[in-house]
Amino acid sequence: MRRRRFLAAAGATTALATAGCSGILETTTQSTGRTPPLVENRPDAVYVPSHVEGMEMVGMTESGRYRFSLSYSFPHRFWRTTSDRTSKVDIADSDTVHLMLTAWDGETETVIPTSSAVVSAAKDGSSVLSEKQLWSMLSQNMGVHFGDNVELDGDGTYDVSVDFGPVGTRLSGGLADLTTDRQSFSIELSFDQATLEEVSYDLLDDRKGERDAVDPMEMGMRPSGRVPEPSALPGQLLDDGTSGDAEIVATALDSVPAGVDGDGTYLAVSARTPYNRYPLPFMSLSATLSRDGEAVFEGDLTDTIHPDIGYHYGTVVDGVQAGDTIDIAVAAPPQIARHEGYETAFLSMDAVSMTV
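Residues numbered from 1 in each chain as written. Predicted model: local features only at pLDDT ≥ 70, side-chain atom pairs only at ≥ 80, totals over all residues. Heavy atoms only, no water.

J.: Is there a simple way to explain the nonpolar core in this structure?
T.: Generally speaking, nonpolar side chains in soluble globular proteins are found buried as a group. With 67 residues, the main nonpolar core has L101, L138, V160, F164, F191, I248 and F346 as its most contacted residues. Residue contacts for V160: discarding those within four places in its chain leaves L70, V119, S120, A121, F185, S186, I187 and L189. One finds L233, V249, L253 and Y266 within the second-largest nonpolar core, a separate group that totals 9 residues. (Core = buried A, V, L, I, M, F, W, Y, C linked by side-chain atoms within 4.5 Å. Buried < 20%, exposed > 50% of the residue type's maximum accessible area, 1.4 Å probe, protein only. Contact = heavy atoms within 4.5 Å.)

Quick look at the structure:
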């Protein structure tokens, strides 16, 4: 039942985001001089994209424990994900910038990659952007963020209003008492085309298409959202594997963290990108824990955020012992939008079997 609810929610999120981008998706566009051709013969895996772009920081604000940053870059193509397929969103002639919002908890520096994020913008008191639903996105150099290409009304100062939330992902550990309610705030955006033209832009002709990824950019005070190295995860590290080029790591905590119901051992499964360790949200995972050939647990894993684990999928089990096997099945790959270099990975994902 939980898997069906998850997939229904993911479908609703996709429909809402598609509605927000319908003007872009329905417009026939041409590539700009800043958008080189896609890499030929792209692997079904993470690869180095054709180019990387920098970004211009607009500003930061606070709302309770939440911290938010707003930035922009050149408009660029990206891919939305529906089930196990992606579809490319091209740049529209009218697009001015790629607008990006990052949200995190100020106390633990934990990025929140899953929520609703709706932006509006006004210039000189007149609306120029109305209730634009941003996509939850993954970028090799820009990290986890909410973003979309948007049209502005030329140079000037804009009042950008943001409605963030409610957060639907379970919060645990030091995040258990973080509110999931909607946060509303405004950030002033001063835009001029000349500043945009100074944003860094680099072709990667000597590396494009390689099975690798570009490094995350320096974020300043904005965290990138990377999850811990396997060796840094709390609890007993059980095993790891790969599926669809995603790295799957399992750990077992002796005590159930705050925010999670139940008593016993907490089984946490971290699905992350290779190279840069970004979390892969909006998946539907289930696990079977077997001992001496018999299943002692079968069930869905709940999407959860914990400051020491990051975004992961977890459940409570009645202990984990040496010799146990854990089979993790993927009912739905990550339903997150992707920048170039991620659009061919994490789609066809086989089950992963681990031995404790």
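Once the structure has been displayed, the description carries forward.
J.: I'm lost on the environment of L101 in this one. Help?
T.: Along the chain, L101 turns up in strand 6 (residues 97–105). Classification of L101 by relative accessible area gives buried; the value is 0%. Between the C-alpha atoms of L101 and D148, which are 47 residues apart in sequence, the distance is 9.5 Å. If we ignore the near neighbours within four places in the chain, the residues touching L101 are F68, S69, L70, A117, L134, H145, F146, V162, F164 and F185. (Helix = DSSP H or I, 4+ residues; strand = E, 2+ residues; numbered from the N terminus.)

J.: Is there a simple way to think about the pattern of salt bridges in this case?
T.: Opposite charge on two side chains permits pairing when their charged atoms draw close. Under the defined criterion, the tally for this structure stands at 14 salt bridges. Across the salt bridge formed by E210 and R207, the nearest N and O atoms sit 3.9 Å from each other. Since its relative accessible area comes to 35%, E210 is described here as partly exposed. On the basis of relative accessible area, R207 is assigned to the partly exposed category, the value being 27%. For the salt bridge of D212 with R207, the shortest nitrogen-to-oxygen distance reads 3.4 Å. Sharing partners across several salt bridges, the network here consists of R65, D105, E107 and D177. (Salt bridge = Lys/Arg side-chain N within 4 Å of Asp/Glu carboxyl O.)

J.: Where do I start with a nonpolar patch on the surface in this structure?
T.: Taken together, M57, M60 and M221 make up a surface patch of nonpolar side chains, about 320 Å² in accessible area. Residue M57 is classed as partly exposed on the basis of its relative accessible area, which comes to 36%. (Patch = residues over 30% accessible without salt bridge, like charges linked within 9 Å, V, L, I, M, F, W, Y side chains within 5 Å. Areas by Shrake-Rupley, 256 points an atom, 1.4 Å probe, with all protein chains shown as cover.)

Geometry only, nothing functional implied.
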